[in-house]
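Observations on the three-dimensional arrangement
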Amino acid sequence: MSDVPDSRRRLDARIVRHLERLGEGPGVDRIAHPEMAEALGSWIATHREPDKGLSVIVVCTGNSRRSILGATMGNVVAAYLGRPEVRFFSGGTEPSAFNPRTVAALEAIGVVVTPTGDLAPPGPSAEPNPVYRVRWGAVPGDPETEAIEFSKRYDDASNPRSGFAALLVCDEADAGCPVVPGASIRLAIPFADPKEADGTPEESARYAGRRDDLGRWMLHALSRAR
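Residues numbered from 1 in each chain as written. Predicted model: local features only at pLDDT ≥ 70, side-chain atom pairs only at ≥ 80, totals over all residues. Heavy atoms only, no water.

Overview of the packing of helix α4 (residues 66-80) against helix α5 (residues 100-107)
Selection rule: Angular values range over 0 to 180 degrees, each being the angle between N-to-C directions of two axes fitted as lines to C-alpha atoms, with helices fitted over their stretch in contact. A run of DSSP states H or I qualifies as a helix once it reaches four residues; a run of E qualifies as a strand once it reaches two. Both are numbered from the N-terminal end. In this scheme, roughly parallel covers angles under 35 degrees and roughly antiparallel covers those over 145, while 65 to 115 is roughly perpendicular and the rest are oblique. In this scheme, a crossing is called left-handed if the near helix is turned counterclockwise away from the far one by less than a right angle; it is called right-handed if the turn is clockwise. Any two residues whose heavy atoms approach within 4.5 Å are treated as being in contact.
Direction vectors running N to C along α4 and α5 enclose 25°, while the axes themselves pass 10 Å from each other. The angle between α4 and α5 falls in the class roughly parallel. When you trace α4 past α5, the crossing you get is right-handed. Judged by residue contacts, Ile68, Leu69 and Thr72 of α4 engage Thr102, Ala105 and Leu106 from α5.

Observations regarding the sheet that holds strand β7 (residues 183-188)
Within a sheet, adjacent strands bond to each other through the backbone by hydrogen bonds, running parallel or antiparallel. The test is simple: Whether two strands pair depends on DSSP finding at least two bridges between them.
Taken together, the four strands give an open sheet; going across it, the order is β2-β1-β6-β7, and neighbouring strands pair in parallel fashion. The sheet is open, and its two edges are formed by β2 (86-92) and β7, each paired on a single side. This sheet shows a mean twist of 20° between the axes of neighbouring strands, independent of strand direction. Summarising the sheet, strand β6 (residues 164-168) and β7 pair through five bridges and their orientation is parallel. Counted as the bridge partner of Ala166 is Arg186 from β7. Across the sheet, helix α3 (residues 34-47) is in contact with β1 (54-60), β2, β6 and β7; its angle to β7 comes to roughly 165°.

Things to note about α3
So the rule is basically this: For a helix, the expected span equals 1.5 Å multiplied by the number of residues minus one. Accessible area is worked out with a 1.4 Å probe on protein chains only. A residue is then buried under 20% of its type maximum, exposed over 50%, and partly exposed in between. This arc is built from the directions going out from the helix axis to the C-beta atoms.
The end-to-end C-alpha separation of α3 is 20 Å, in line with the 20 Å expected for 14 residues at 1.5 Å each. Turning to α3, its buried residues are Ala37, Leu40, Gly41, Trp43 and Ile44. Along the axis of α3, the buried residues cluster in a sector spanning 160°; they form a single face. Residues of α3 that are buried in the fold lie against β1, β2, β6, β7 and α7 (203-223).

Focus on the pairing of strand β4 (residues 130-135)
As defined by bridge partners, strand β3 (residues 112-119) adjoins β4 across five bridges and the pair is classed as antiparallel. When the bridges of β4 are listed, Pro115 appears paired with Tyr132. Across four bridges, β4 lies against strand β5 (residues 146-149) in antiparallel orientation. Counted as the bridge partner of Val134 is Ala147 from β5.

Quick notes on the nonpolar core
Quick note on the threshold: As used here, the term nonpolar core means buried Ala, Val, Leu, Ile, Met, Phe, Trp, Tyr and Cys residues forming a set that is joined through side-chain atoms within 4.5 Å.
By size, the foremost hydrophobic cluster in this structure holds 61 residues, and its most contacted members are Leu40, Phe88, Leu167 and Trp217. The element contributing the most residues to this core is α4, with nine residues. Ignoring sequence-local partners within four residues, the contact set of Leu167 consists of Leu40, Val56, Ile57, Val58, Val59, Phe88, Leu187, Ile189, Trp217 and Met218.

A few points about the packing of helix α2 (residues 13-23) against α7
We count it as follows: Each residue is assigned to one of three groups, with Ala, Val, Leu, Ile, Met, Phe, Trp, Tyr, Cys and Pro labelled nonpolar, Asp, Glu, Lys and Arg labelled charged, and all others, Gly among them, labelled polar.
At their nearest, the axes of α2 and α7 sit 10 Å apart, and the two run at 75° to each other. Relative to α7, the element α2 is oriented roughly perpendicular. In contact with His18, Leu19, Leu22 and Gly23 of α2, α7 contributes Arg211, Asp212, Gly215, Arg216 and Leu219. Taken together, the residues of the contact of α2 with α7 break down into three nonpolar, three polar and three charged.

Concerning the pattern of salt bridges
Which entries qualify depends on this criterion: The salt bridge definition used is simple: a Lys or Arg side-chain nitrogen within 4 Å of an Asp or Glu carboxyl oxygen.
The tally for this structure, following the rule as stated, stands at 18 salt bridges. When the shortest N-O distance is used, the salt bridge between Lys52 and Glu49 registers 3.8 Å. A residue is classified by how much of its surface remains accessible, and Lys52, at 45% relative accessible area, is partly exposed. Residue classification places Glu49 among the partly exposed residues on the basis of a relative accessible area of 44%. Each of Asp6, Arg10, Asp142 and Glu144 takes part in one network of salt bridges that share partners.

What to know about the environment of Thr72
Assignment of secondary structure puts Thr72 in helix α4. Between the C-alpha atom of Thr72 and that of Ala192, which follows or precedes it by 120 residues, the distance is 18 Å.

Shown next, in the form of structure tokens:
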């Protein structure tokens, strides 16, 4: 057990078990965009410095589903692999709201998602935009194992403004952000939108599948950051 990173010990046990199962899954030939995962791993390895954090912003259109799943799984995987200095954030091009189906997909693996009671400014859709505390650690109140999440633009003041890696997880965001101001590297890794299954019997499975697709991608990328 001595080789288990301290940051992994601080994870909720259900999350650890889930990542162990993901790590036993398909190899690189079954992971989407493996060359982009290698590129992110190389960027992290090149830019890591002692006692200095690195930031990654995951971007989709509405900052409602894929970007929040990606950012949360990125933070979970970073802790699991002993790289908590790599911190993931989320943002969109047309903010909406943190979708409750996204909340359910994260809670299913042990992530705790709690409303703070606050509302962030609404996006173009004008729907209510609640603020949530997202925790992947076993103990509440640990700032290294939780984040504040709400739907917002990728360049929101709560996100890093320079020197970050930008991951574009949908084609619309990729097309809408040919240049991401402040990004040190921009990587397009489109994944299908689980929204397509909303209101159908496949809904839960579709969201869980996208969560796990992003989780496997993050495991591959961050394991290359040596």
